[in-house]
Number of protein chains: 4
Amino acid sequence: MSSSQARANEYPIPPRMKAWVLGGPEELSLVDKPVPEPGPAEVLVRVDAIAVCATDIEILQHGVPAMIDGGLPFNRNYTPGHEYMGTVVKLGPSVDEFQIGDRIAVEVHAGCGRCQRCREGMYTSCLNYGYRAKGHRANGFTTDGGFAEYAVNSVNTMVHIPDDMSDAEATLIVTAGTAMYGLDVMGGIIAGEAVVVTGPGPIGLTGVGVAKALGAQPVILTGTRDSRLEMGRKLGADEVINITRDDPVEAVRRITGGKGVQYVLECSGAANALNEAARMVNRGGRICLAAFPHESVQVDLASIVRNNIYVFGIRGEGRSATHRAAALMAQKRFDAKLIHTHTFPLSEVPTAIRYARERIDDAIKVVVQIRQN
Amino acid sequence: MSSSQARANEYPIPPRMKAWVLGGPEELSLVDKPVPEPGPAEVLVRVDAIAVCATDIEILQHGVPAMIDGGLPFNRNYTPGHEYMGTVVKLGPSVDEFQIGDRIAVEVHAGCGRCQRCREGMYTSCLNYGYRAKGHRANGFTTDGGFAEYAVNSVNTMVHIPDDMSDAEATLIVTAGTAMYGLDVMGGIIAGEAVVVTGPGPIGLTGVGVAKALGAQPVILTGTRDSRLEMGRKLGADEVINITRDDPVEAVRRITGGKGVQYVLECSGAANALNEAARMVNRGGRICLAAFPHESVQVDLASIVRNNIYVFGIRGEGRSATHRAAALMAQKRFDAKLIHTHTFPLSEVPTAIRYARERIDDAIKVVVQIRQN
Amino acid sequence: MSSSQARANEYPIPPRMKAWVLGGPEELSLVDKPVPEPGPAEVLVRVDAIAVCATDIEILQHGVPAMIDGGLPFNRNYTPGHEYMGTVVKLGPSVDEFQIGDRIAVEVHAGCGRCQRCREGMYTSCLNYGYRAKGHRANGFTTDGGFAEYAVNSVNTMVHIPDDMSDAEATLIVTAGTAMYGLDVMGGIIAGEAVVVTGPGPIGLTGVGVAKALGAQPVILTGTRDSRLEMGRKLGADEVINITRDDPVEAVRRITGGKGVQYVLECSGAANALNEAARMVNRGGRICLAAFPHESVQVDLASIVRNNIYVFGIRGEGRSATHRAAALMAQKRFDAKLIHTHTFPLSEVPTAIRYARERIDDAIKVVVQIRQN
Amino acid sequence: MSSSQARANEYPIPPRMKAWVLGGPEELSLVDKPVPEPGPAEVLVRVDAIAVCATDIEILQHGVPAMIDGGLPFNRNYTPGHEYMGTVVKLGPSVDEFQIGDRIAVEVHAGCGRCQRCREGMYTSCLNYGYRAKGHRANGFTTDGGFAEYAVNSVNTMVHIPDDMSDAEATLIVTAGTAMYGLDVMGGIIAGEAVVVTGPGPIGLTGVGVAKALGAQPVILTGTRDSRLEMGRKLGADEVINITRDDPVEAVRRITGGKGVQYVLECSGAANALNEAARMVNRGGRICLAAFPHESVQVDLASIVRNNIYVFGIRGEGRSATHRAAALMAQKRFDAKLIHTHTFPLSEVPTAIRYARERIDDAIKVVVQIRQN
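Residues numbered from 1 in each chain as written. Chains lettered and ligands numbered in written order. Predicted model: local features only at pLDDT ≥ 70, side-chain atom pairs only at ≥ 80, totals over all residues. Heavy atoms only, no water.

Draft legend 1. The arrangement of the overall build of chain A in detail. Within chain A, the secondary structure is distributed over 12 helices and 18 strands. What you see for chain A is a C-alpha radius of gyration of 20 Å, in line with the 21 Å of a compact globule of 373 residues. The C-alpha extent of chain A, read off along each of the three principal axes, is 70 × 40 × 35 Å. For chain A, the residues scored as buried account for 65% of the 373 residues in total. The long-range fraction of contacts in chain A, counting pairs at least 24 apart against all pairs at least 6 apart in sequence, stands at 69%. When the accessible surface of chain A is summed, it comes to about 12400 Å², and 49% of that surface belongs to carbon and sulfur atoms. Separation between the mean location of the 38 positive side-chain charges and that of the 41 negative ones in chain A comes to 3 Å. (Helix = DSSP H or I, 4+ residues; strand = E, 2+ residues; numbered from the N terminus. Rg over C-alpha atoms; globule rule 2.2 N^0.38 Å. Buried < 20%, exposed > 50% of the residue type's maximum accessible area, 1.4 Å probe, protein only. Contact = heavy atoms within 4.5 Å. Areas by Shrake-Rupley, 256 points an atom, 1.4 Å probe, with all protein chains shown as cover. Lys, Arg positive; Asp, Glu negative; His and termini not counted. Charge placed at Lys NZ, Arg CZ, Asp CG, Glu CD.)

Right, here's the structure in full:
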């Protein structure tokens with residue numbers, strides 16, 4: 001028996017599995033369905049744990065976020081969930097990047113590899129977004145995701161994780177990857193630079209951790225709740241600003257001796273966040289929008305133009321940033337586990353989502369632990 | 001007699017000169033004042049011609065455009081005007097980049113050379129903007145400009161022009177340089193790429209010329225007046241859209257076979273321009289804001305984030321883009337002269353400004369010809 | 001009958017075709033073999049014309065150029081030829097980027113889309129080079145190429161060409177794309193900049209055309225044969241240097257007033273070319289090596305380090321540069337047809353190769369016209 | 001008395017000082033000369049400590065390293081030394097970036113601020129290198145340096161240091177800044193990436209520290225002496241290779257599972273270092289040459305071209321990398337003090353240089369402590 005066969009025997013794959021499936025809006029039900037087969041450049045992952053993301057909640061209610069061309073239709077009869085990790089249990093044809101038994105965390109997006117953006121390396125902006133036949137996958141968005149016992153993944157959406165990283169921590173890698181991508185698109189070379197992170201949600205808090213790991217100083221976090229800001233301090237924030245008590249623009253100016261900062265990573269989605277960010281940065285500053293208000297908002301564009309400010313909208317976790325975030329977490333440069341607040345089993349996904357949505361018990365990251373290791 | 005001395009003798013410099021001086025808002029008067037002396041790294045330019053810019057009009061009314069730190073006070077008792085060209089007539093200490101008798105066109109900004117932005121090469125975003133003692137100059141904004149017979153210029157704000165380029169055409173170089181800079185910050189490599197230019201003012205029209213010269217295709221121009229759009233065609237636009245008759249977003253989608261474009265150079269300052277631009281670009285597209293509405297406007301930030309769009313505010317003509325624009329104009333790659341519509345003498349600067357402000361007789365670029373060559 | 005079916009009927013596909021096949025080194029024979037089938041993301045191209053490249057000659061003798069990991073084995077029993085153009089006659093599954101009847105020119109490389117380099121957009125540096133099962137293709141290198149009546153192509157290796165471009169001219173697009181890529185990797189923004197191209201072979205000559213089209217000035221070409229240099233002038237060189245009569249470093253310094261240039265595109269492969277290039281550029285200059293000597297050569301690395309010079313080796317035609325080159329050629333910005341000197345039919349491929357190899361009759365680009373249109 | 005005056009009183013400045021002055025080659029003598037006056041944008045620094053650099057030794061023997069244009073003449077009758085730190089004791093006109101009493105470490109290069117390179121932000125490649133009247137300064141190279149009690153510095157060549165950093169450690173900042181610059185020019189985003197540093201001299205060893213601080217993994221160091229390699233481990237190297245016992249290319253391939261690395265920072269200057277680096281990197285890899293052999297060497301350029309490798313020569317510490325290195329050191333991300341092996345007083349500069357040159361007692365960084373704090 002080959003060693004490869006021996007490994008496969010350690011991970012017997014049942015013919016059917018439990019999976020949550022979205023019918024219409026808010027109609028999530030636990031079903032029994034066949035375990036999928038990995039195709040070329042794909043593997044089958046046994047999902048060990050998955051975190052609930054705010055985008056999951058949006059998907060349940062409204063479908064996958066719309067895009068330029070009118071957006072995607074509400075995706076029915078599929079399994080959502082994109083912040084998961086697990087164990088490789090079967091390899092599709094031509095796969096040698098991973099072995100059976102490897103523990104992995106996922107990225108969301110695998111581009112088509114053939115459009116102009118993918119050819120540039122901007123696979124999260126794939127021009128064939130959602131076009132499955134052309135090879136695009138967005139796990140849990142346009143293709144089946146991780147609220148299930150098994151999930152197929154492209155080799156392009158997986159990153160190895162070390163043995164000493166817990167399942168729950170590994171579910172946070174893609175979140176940290178999104179924050180890392182936000183810093184990357186602003187230039188990525190931030191040692192010794194002042195960075196503001198606005199909004200202490202999961203992306204903001206891991207953004208603090210990543211920015212500090214890369215040497216930014218000071219890292220300034222703004223938010224409305226002291227408990228979150230305190231968590232930000234533990235993740236590396238040098239300064240925190242509670243905007244219910246302090247004007248954030250004035251505070252940033254004060255902290256930086258009037259100079260402002262070069263970079264703002266906007267993770268709050270607040271209506272006035274871009275305007276405030278534009279007054280936090282100095283001339284030639286850069287702002288990454290990793291969150292957004294759902295309605296149109298008043299923006300002072302004059303300030304952006306007159307001050308030569310660049311604004312980068314990002315969707316997801318491009319440029320292999322998830323790999324870099326995973327590396328920093330494997331090196332224990334910041335403790336992402338801090339943002340994991342609650343755990344539920346697979347059978348309680350609706351409860352997990354409710355905790356995340358309603359921030360019950362000050363929930364930040366709610367993790368569904370599918371298997372006990 | 002040295003040849004340098006001989007050249008100097010060809011350009012006798014009087015002790016005093018005529019210059020327009022701005023007192024309070026809208027108080028422009030023609031005075032007699034001493035010809036200034038060039039310092040180190042500076043030359044004295046005999047101003048031969050100068051164009052009127054929309055920013056001049058703003059400066060007359062409201063002062064130099066405000067910036068992050070509260071902006072600059074209304075600049076009184078100085079000579080405005082920044083789109084000029086002329087002849088070098090005296091060299092300050094250490095200057096060998098130019099010779100007496102050289103014809104030159106100007107850029108606006110000379111950075112301090114010592115702040116973080118200048119050290120990065122982003123001298124138009126100088127953190128010491130307006131701080132004269134630290135070396136910053138913005139001709140006609142914070143230091144004396146070109147509505148005068150003579151003006152001092154830093155060697156950093158001058159570009160050589162060929163003998164066969166007219167004075168009036170040379171005044172347009174800095175405008176084309178601003179358009180070039182806008183294309184540069186979006187990546188600058190645009191051969192074969194679809195580019196939309198919104199707003200057929202001087203920057204937009206020269207932007208069409210530059211984009212076409214660099215090989216963009218199609219170059220699409222939007223505007224409200226057929227005469228301007230026709231001029232855009234002459235400057236190289238492959239397609240023009242009169243937005244009073246045609247929805248610009250739909251038109252761009254139609255022209256590009258539904259794909260949208262990668263780049264939009266926004267030169268209109270219209271309230272909805274950014275929202276429209278965000279629907280003209282494809283996923284991962286880039287928008288440069290070279291103009292802006294004076295009031296805050298409603299912006300759909302969700303669209304920018306979901307579609308991974310980057311938005312670049314620019315102020316002025318950085319990265320030596322003026323040199324590149326001058327090179328293309330010297331090579332006659334596009335005919336910027338088309339946008340020069342009216343000419344007045346130095347004594348009629350207020351009339352020239354009125355023509356530009358009120359677009360009398362469909363004025364685009366109004367040039368003040370100070371000397372007859 | 002659908003229009004798509006109607007188009008297909010215009011291009012009947014025979015079951016078998018003529019193709020040149022390489023056995024061992026220098027063993028090229030014309031055989032009859034089945035017409036291949038396009039797979040997903042592929043099309044079948046009826047090859048209309050193909051040019052002979054110096055790399056073809058190397059492949060015939062020594063196999064595909066070796067790489068870091070020991071290189072590829074001599075590729076036997078396949079059809080070489082990579083500079084071809086033709087007509088799309090059949091679409092593989094999921095293809096909508098092209099229609100039957102489209103005229104196209106090719107690129108060489110389709111990356112695997114799953115390695116680190118492909119994910120960065122550097123698909124010509126694919127880490128799975130030659131690994132067919134993972135999706136890599138290099139037409140005429142590792143997979144069947146164009147010395148045949150039909151060839152399968154990935155949608156990633158094709159660019160549309162206009163009706164008014166001849167078959168022969170279209171075969172030169174990939175050569176111009178390589179030159180364009182060389183300019184891109186050095187920064188790509190070259191309007192008004194001095195550029196030296198060393199070596200007036202096909203890449204060098206089209207490099208002159210591309211550099212001039214993008215506004216470089218002066219474009220300086222070096223070489224040993226006046227006829228080639230004269231052709232360079234016709235393609236846009238402002239200055240030519242015959243290095244048998246003039247020291248090229250001194251000449252460049254003289255032409256540039258002692259300043260040197262910012263960019264050298266090295267296309268000669270001469271033993272001393274890098275050393276000379278390092279003395280042609282100014283401090284902080286950039287050199288692209290698009291050719292190379294086959295033996296190790298003496299290099300003065302001290303000069304490269306002390307002068308802060310960057311040296312970019314390139315293999316092939318990355319970053320979709322072929323699309324940009326095609327756009328400039330479609331716009332008739334330079335006349336690549338000048339370098340096409342000889343034409344042969346498919347049956348005379350060995351003669352065509354001999355002309356190219358031995359430069360018989362001063363051959364530059366020898367084209368095999370497979371079909372008469 | 002103003003607080004500024006009070007501060008000045010704490011740092012009385014004598015009229016004359018002790019300084020080492022270089023006459024002809026190897027003629028270094030300690031003289032008494034006037035304390036210099038800072039000009040605009042300059043300060044007077046009381047030099048507290050200075051490290052000996054290999055370039056100092058080269059300067060003593062051969063003069064400042066030659067450049068493209070034939071290099072600089074042997075600089076006579078000036079004070080060498082460029083790796084120093086000290087205390088600001090007097091401000092020149094317009095300086096507000098620093099206050100009297102500030103502790104600072106230095107960079108070497110202040111560009112002219114007016115050439116094409118400086119305008120791009122590449123001030124270490126200033127085209128007016130050595131041209132003092134145009135504003136260029138290279139401390140200890142072309143202008144007076146730090147083997148003296150006082151030295152004038154441009155505000156562009158100083159970085160603040162924290163109170164808890166020793167004088168000796170602060171002298172190492174510019175060395176770490178050079179290593180940081182080398183990583184920057186290769187892209188700078190290296191978390192989770194494999195990096196090889198060749199040559200465990202001061203730049204190589206601090207390069208290990210910087211690479212590890214930025215999250216590179218594994219960081220592999222090559223060298224010939226176990227003691228140096230052991231120091232590399234303490235600075236963060238995950239793997240070390242003694243090339244007297246192990247083939248470095250094979251070892252790198254073995255450590256990386258056959259993949260090779262993306263980045264090599266070459267700090268050895270060994271004759272075969274570039275060839276080896278080109279076989280350590282994978283396709284599309286990048287090599288920074290921070291050192292060089294003094295004679296021309298055999299280089300296999302074919303390997304660089306075929307594998308799409310980029311080679312970056314660097315001179316010095318550009319892009320404000322010194323600020324970033326100082327930030328990482330202030331954050332105690334790596335312990336640069338480890339490479340400080342010997343200390344001498346100002347009177348024993350020749351002995352200090354001899355220790356460094358002859359590596360007496362395995363000297364790495366020899367520091368001259370000018371003042372006892």
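Draft legend 2. Geometry of the environment of Glu107 of chain C. Structurally, Glu107 of chain C can be placed in the loop between strand 5 (103-106) and strand 6 (109-110). When its relative accessible area of 0% is taken as the criterion, Glu107 of chain C is described as buried. Once residues lying within four places of it in the same chain are set aside, the contact partners of Glu107 of chain C are Arg119 of chain A together with Tyr123, Asn139, Asn156, Thr157, Val174, Glu317, Thr322 and His323 of chain C. Polar contacts involving the side chain of Glu107 of chain C include one to the side chain of Tyr123 of chain C, which spans 3.2 Å. (Polar contact = N/O pair within 3.5 Å; in protein donor to acceptor, adjacent residues only side chain to side chain.)

Draft legend 3. Looking closely at the interface of chain A and chain B. Listed by partner, the interface residues are 53 residues for chain A and 53 residues for chain B. Both sides of the chain A and chain B interface together cover about 4700 Å² of buried area, and 51% of this is carbon and sulfur. If you look at where chain A meets chain B, you find two salt bridges. Ionic pairing is found between Arg306 of chain A and Glu58 of chain B, a salt bridge with its closest N-O pair at 2.7 Å. Where the side of chain A that touches chain B is concerned, the elements lending two or more residues are helix 3 (116-120), helix 5 (173-185), helix 9 (273-280), strand 14 (281-289), strand 15 (297-299), helix 10 (301-306) and strand 16 (310-313) of chain A. Counting residues per element, the side of chain A that touches chain B draws most heavily on strand 14 of chain A, at seven residues. Each residue belonging to the side of chain A that touches chain B can be placed in one class, and the counts come to 28 nonpolar, 13 polar and 12 charged. (Buried area = accessible area lost by both parts, 1.4 Å probe. Salt bridge = Lys/Arg side-chain N within 4 Å of Asp/Glu carboxyl O. Nonpolar A, V, L, I, M, F, W, Y, C, P; charged D, E, K, R; others polar.)

Draft legend 4. Up close: helix 7 (residues 226-235) of chain A. Residue and element names in this part refer to chain A. All of the buried residues along helix 7 are Arg228, Leu229, Met231, Gly232 and Leu235. An end-on view of helix 7 places all buried positions within 155° of arc, on one side of the element. On the buried face of helix 7, the contacting elements are helix 6 (202-213), strand 11 (219-223) and strand 12 (239-242). Following helix 7 by one or two positions, Gly236 adopts a phi angle in the positive range, close to 125°. (Arc of directions from axis to C-beta.)

Draft legend 5. Looking closely at the domain arrangement of chain A. Residues and elements named next belong to chain A. What the domain assignment lists for chain A is domain 1 (3-160 + 335-369) and domain 2 (176-313). Each partner contributes to the interface: domain 1 provides 11 residues, whereas domain 2 provides 11 residues. Of the roughly 1000 Å² buried at the junction of domain 1 and domain 2 (both faces included), carbon and sulfur atoms supply 62%. In terms of surface lost to domain 2, no three residues of domain 1 exceed Leu338, Ile339 and Ile364, which account for 47% of the buried area on that side. Applying the counting rule to domain 1 against domain 2 returns two salt bridges. Our count for the contact surface shared by domain 1 and domain 2 stands at three residue pairs in polar contact (both at pLDDT 80 or more). Among the residues forming the side of domain 1 that touches domain 2, the class breakdown is five nonpolar, one polar and five charged. (Domains from an automatic or database assignment.)

Draft legend 6. Inspection of the relation of the copies chain A and chain B at higher detail. Rotating chain A by 180° about the axis while translating it 0.0 Å along that axis superimposes it on chain B, leaving an RMSD of 0.0 Å. Both copies of the chain, as the preceding transformation shows, are related through a two-fold rotation axis. (Least-squares fit on C-alpha atoms with pLDDT ≥ 70 in both.)

Draft legend 7. Molecular detail of the interface of chain C and chain B. Contact residues are listed per partner, giving 18 residues for chain C and 18 residues for chain B. Summing both sides of the interface, chain C and chain B together bury roughly 1300 Å²; the carbon and sulfur share of this comes to 57%. Between the two partners, chain C and chain B, sit zero salt bridges. The interface formed by chain C and chain B includes eight residue pairs in polar contact (both at pLDDT 80 or more). When contributions to the side of chain C that touches chain B are tallied by element, the ones reaching two or more residues are helix 5 (173-185), helix 6 (202-213) and helix 11 (321-330) of chain C. Looking at which element gives the most residues to the side of chain C that touches chain B, the answer is helix 11 of chain C, with three residues. Across the side of chain C that touches chain B, the residue classes break down as eight nonpolar, six polar and four charged.

Draft legend 8. View of helix 5 of chain C. Along its 13 residues, helix 5 of chain C runs 18 Å from first to last C-alpha, staying within 8% of the 18 Å computed at 1.5 Å per residue. Downstream of helix 5 of chain C by a residue or two, Gly187 of chain C has a phi angle that is positive, lying close to 135°. (Expected span 1.5 Å × (residues − 1).)

Draft legend 9. Structural view of the sheet that holds strand 10 (residues 195-198) of chain B. Spatial ordering of the open sheet is given by 12(A)-11(A)-10(A)-13(A)-14(A)-16(A)-16(B)-14(B)-13(B)-10(B)-11(B)-12(B), a layout of 12 strands whose pairing is mixed. The sheet is open, and its two borders are formed by strand 12 of chain A together with strand 12 (239-242) of chain B, each paired with just one other strand. When strand polarity is set aside, the average angle formed by the axes of neighbouring strands in this sheet is 15°. Here three bridges tie strand 16 of chain A to strand 16 (residues 310-313) of chain B, and the two strands are oriented antiparallel to one another. Counterpart to Phe312 of chain A in the pairing with strand 16 of chain B is Tyr310 of chain B. Contacts between helix 6 (residues 202-213) of chain B and the sheet are confined to strand 10, strand 11 (219-223) and strand 13 (261-266) of chain B, with strand 11 of chain B contributing the most and set at about 170° to the helix. (Pairing = 2+ DSSP bridges. Axes fitted to C-alpha atoms, helices over the stretch in contact; angles between N-to-C directions.)

Draft legend 10. Looking closely at the pattern of salt bridges. Residue and element names in this part refer to chain A. Across all of its chains, the model carries 93 salt bridges over all chains by this definition. Arg357 is paired through a salt bridge with Glu26; the nearest N and O atoms lie 3.3 Å apart. Of this pair, Arg357 sits in helix 12 (residues 349-358) while Glu26 sits in the loop between strand 1 (16-22) and strand 2 (28-34), and the two are 331 residues apart along the sequence. Residue Arg357 is classed as partly exposed on the basis of its relative accessible area of 35%.

Draft legend 11. Looking closely at the environment of Ser320 of chain A. Relative to the elements of secondary structure, Ser320 of chain A occurs in the loop between strand 16 and helix 11 (321-330). Separated by 61 residues in sequence, Ser320 of chain A and Lys259 of chain A place their C-alpha atoms 33 Å apart. Other than its neighbours up to four places away in sequence, Ser320 of chain A contacts Tyr123 of chain A together with Arg119 of chain C. There is a polar contact of 3.1 Å between the side chain of Ser320 of chain A and the side chain of Arg119 of chain C.

Draft legend 12. Spotlight on the side chain of Thr87 of chain A. All names here are of chain A. Within the secondary structure layout, Thr87 lies in strand 4 (residues 83-91). Judged by its relative accessible area of 3%, Thr87 falls in the buried class. The contact partners of Thr87, leaving out residues within four places of it in the chain, are Tyr11, Leu44, Val45, Arg46, Asp48, Gly101, Asp102 and Arg103.

Draft legend 13. Structural view of the relation of the copies chain C and chain B. When chain C is fitted to chain B, the best match, at an RMSD of 0.0 Å, comes from turning it 180° and sliding it 0.0 Å along the axis. A symmetric contact is evident, with 100% of the interface residues of chain C recurring at the interface of chain B.

Draft legend 14. Quick peek at the packing of aromatic side chains. A complete count under the given rule lists 14 aromatic pairs over all chains for this structure. Between Tyr310 of chain C and Phe312 of chain D, the aromatic rings sit 4.9 Å apart at their centres with planes inclined by 75°, giving edge-to-face as the arrangement. Of this pair, Tyr310 of chain C sits in strand 16 (residues 310-313) while Phe312 of chain D is found in strand 16 (residues 310-313), placing the two residues in two different chains. Like Tyr310 of chain C, the residue Phe312 of chain D is buried in the burial classification. Between Phe312 of chain C and Phe312 of chain D, the aromatic rings sit 5.8 Å apart at their centres with planes inclined by 90°, giving edge-to-face as the arrangement. Placement of Phe312 of chain C in strand 16 and of Phe312 of chain D in strand 16 is noted, with the two residues assigned to different chains. Of the two residues examined, Phe312 of chain C and Phe312 of chain D, each falls in the buried class. Following the ring pairs from residue to residue traces out a cluster consisting of Tyr310 and Phe312 of chain A together with Tyr310 and Phe312 of chain B. (Phe/Tyr/Trp six-rings, centres within 6.5 Å; stacked < 30°, edge-to-face > 60°.)

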